[in-house]
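Here is how the chains run, residue by residue.
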Amino acid sequence: MSKDDKPGATLPRRDALKLVLAGAAAAPLAGFAAAEAPKVPARPATDPDLVHPSVPWEHVLSDTELRTASLLCDLILPADERSPAASAVGVPAFINEWISAPYPDQQQHRGVIRGGLAWLNTESVKRHQKPFYELDGAQQAAMVEDIHLAADAAPQFAQAAGFFDLFRQLTMGGYYSTEAGRLDLGYIGNTPLARFPGATPEQLRHLGLVDL
């Protein structure tokens, strides 16, 4: 959804970047019950094959959870005039792989994310008699408005706000590690240059490396 002309998108991309930093400082990790850890094959004795990478664990999110996660990703980072939506570049799959991993942090995140997705659909049924993924954009955005910033959330939404803070951080991290995300930021690293002109005098003065 475009932040300018499509209803229901209350989290423009630039605002979402700011909220990641604000939310990380303001909200503790939500306390949803941890899900059962998946069975993990033994680690190989050699380094991972980066030419033919594979993920040696099963993904835990159900189709319903992925559907809900995709909609939530796109509320956080909708498509706009310069960049695709988060779901279009595989962010829901990234989150699924992350929380399916067998490591301590990811196992903790798994319970938070799955619990939060379940809360969204349960709360949606309570308010609108249908799950979150069947709501229109304005209804979805109104629900997210209640949990989008932990410091402003009502007490009954504190746990859900902690979930949303983590989900938003994973969404942003997944998105801005893609090519589309790097282009959206204007990142120009990893680009070969025919020559390196160095810093301009103005840049050097700004850094205090030359006399004014």
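Residues numbered from 1 in each chain as written. Predicted model: local features only at pLDDT ≥ 70, side-chain atom pairs only at ≥ 80, totals over all residues. Heavy atoms only, no water.

Draft legend 1. Focus on the overall build of the protein. From N to C terminus, the protein includes eight helices and zero strands. Order of helices (α) and strands (β) in the protein, N terminus to C terminus: α-α-α-α-α-α-α-α. Put simply, the protein has 212 residues, and 40% of those count as buried. Restricting to contacts in the protein with at least 6 residues of sequence separation, those with at least 24 account for 71%. (Helix = DSSP H or I, 4+ residues; strand = E, 2+ residues; numbered from the N terminus. Buried < 20%, exposed > 50% of the residue type's maximum accessible area, 1.4 Å probe, protein only. Contact = heavy atoms within 4.5 Å.)

Draft legend 2. How the structure looks around the side chain of Gln140. As for its position among the elements, Gln140 is in helix 5 (residues 137-145). Once residues lying within four places of it in the same chain are set aside, the contact partners of Gln140 are Leu71, Leu75, Phe132, Tyr133 and Leu135.

Draft legend 3. Molecular detail of the side chain of Asp80. Assignment of secondary structure puts Asp80 in the loop between helix 2 (63-76) and helix 3 (91-100). Among the polar contacts made by the side chain of Asp80, one reaches the main-chain amide nitrogen of Ser83 at a distance of 2.8 Å. (Polar contact = N/O pair within 3.5 Å; in protein donor to acceptor, adjacent residues only side chain to side chain.)

Draft legend 4. View of the pattern of salt bridges. A complete count under the given rule lists eight salt bridges for this structure. A salt bridge links Lys126 to Glu123, with the nearest nitrogen and oxygen atoms 3.5 Å apart. Of this pair, Lys126 and Glu123 both sit in helix 4 (residues 104-128), three residues apart, which is roughly one turn of that helix. (Salt bridge = Lys/Arg side-chain N within 4 Å of Asp/Glu carboxyl O.)

Read these as spatial facts, not as claims about activity.
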